[in-house]
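This is what each chain is made of:
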Amino acid sequence: MASGLGTFINTFNSKIEEPVRIHLKNVYACLTLATISAALGAYIDLYTNILSRNFITVLGAIGFLVALNCTKDNGKNQLMRLGFLIGFSFCSGLGLGPLLEQVILIDPSIIPTTLLATSLIFVSFSLSALLARRGSWLFLGGTITTILSALFVFSLASMFLSSTLLFQAHLYVGLVLMCAFVLYDTQLIMEKRRHGDKDFIAHSVDLFIDFIGIFRRLLIILAQKENNKRDEKRR
């Protein structure tokens, strides 16, 4: 096992130059911080239940994200921008509260299972992007745009048709899309750093959105399956 880890580290170091490796460490450190902040927001919502249904939460998340994007990194404002990231992720966690409440009513164990599955998926696709040939996943940009357009059409159609089939298609296609985003965003971040973009805080936002997107969709899928099992047992 130790030799396998050593081989992986050597491969990682040989494929990725040192400035990019340092940048990725900062990106993933910010991602970890954002994930913890989101978890805290979700936890607080579950026990207060006063913020998640308030439109102020949505405005707060948008406001923090806009503030982060509008405040360009100048090397001296990293703490302020990090605060914007934490605020955005915290509000995102608050927004997960209602969904988590519904899942807990079905089976509380779904939440840790989903978190573990999301982490495994995210790490697997991240490693695939990191160890792949340089820029080999950037071609997904066009495909992602096409899928996003299809999802938008599905969303509009489901508003008028209330079709279970359309909802399921939107759910599963969205999950595939989020996985593709992990591949694309990871390699795009590496290329941006190679071209001089050192804004690791902004780069971590993309991966955080990918992670939350996978988590949310897996949560719904697993909850649906568990609910269907219960319905079958009652029959």
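What counts as what
- Residues numbered from 1 in each chain as written.
- Predicted model: local features only at pLDDT ≥ 70, side-chain atom pairs only at ≥ 80, totals over all residues.
- Heavy atoms only, no water.
- Helix = DSSP H or I, 4+ residues; strand = E, 2+ residues; numbered from the N terminus.
- Contact = heavy atoms within 4.5 Å.
- Expected span 1.5 Å × (residues − 1).
- Buried < 20%, exposed > 50% of the residue type's maximum accessible area, 1.4 Å probe, protein only.
- Arc of directions from axis to C-beta.

With that out of the way, let us pick up the side chain of Ser89. Looking at where Ser89 falls in the secondary structure, it is placed in helix α4 (residues 78-106). In contact with Ser89, not counting residues within four places along its chain, are Ala34, Ser37, Ala38 and Phe208.

What follows deals with helix α3 (residues 55-70). In this model α3 runs 22 Å from its N-terminal to its C-terminal C-alpha over 16 residues, within 8% of the 22 Å that 1.5 Å per residue would give. When we look at burial in α3, the residues that qualify are Thr57, Ala61 and Leu68. With its buried residues spanning 40° around the axis, α3 presents them on a single face. Seen from the buried face of α3, the exposed residues on the opposite side, beyond 90 degrees, are Phe55, Ile56 and Cys70. For α3, the secondary structure elements touched by its buried residues are α4 and α8 (200-234).

Turning our eyes to something else, we now look at the environment of Ala132. Relative to the assigned elements, Ala132 resides in the loop between α5 (110-131) and α6 (140-161). Sequence separation between Ala132 and Leu183 is 51 residues; the distance between their C-alpha atoms is 9.7 Å. Sequence-distant contacts of Ala132, that is, excluding residues within four places in its chain, are made with Trp137 and Gln187.

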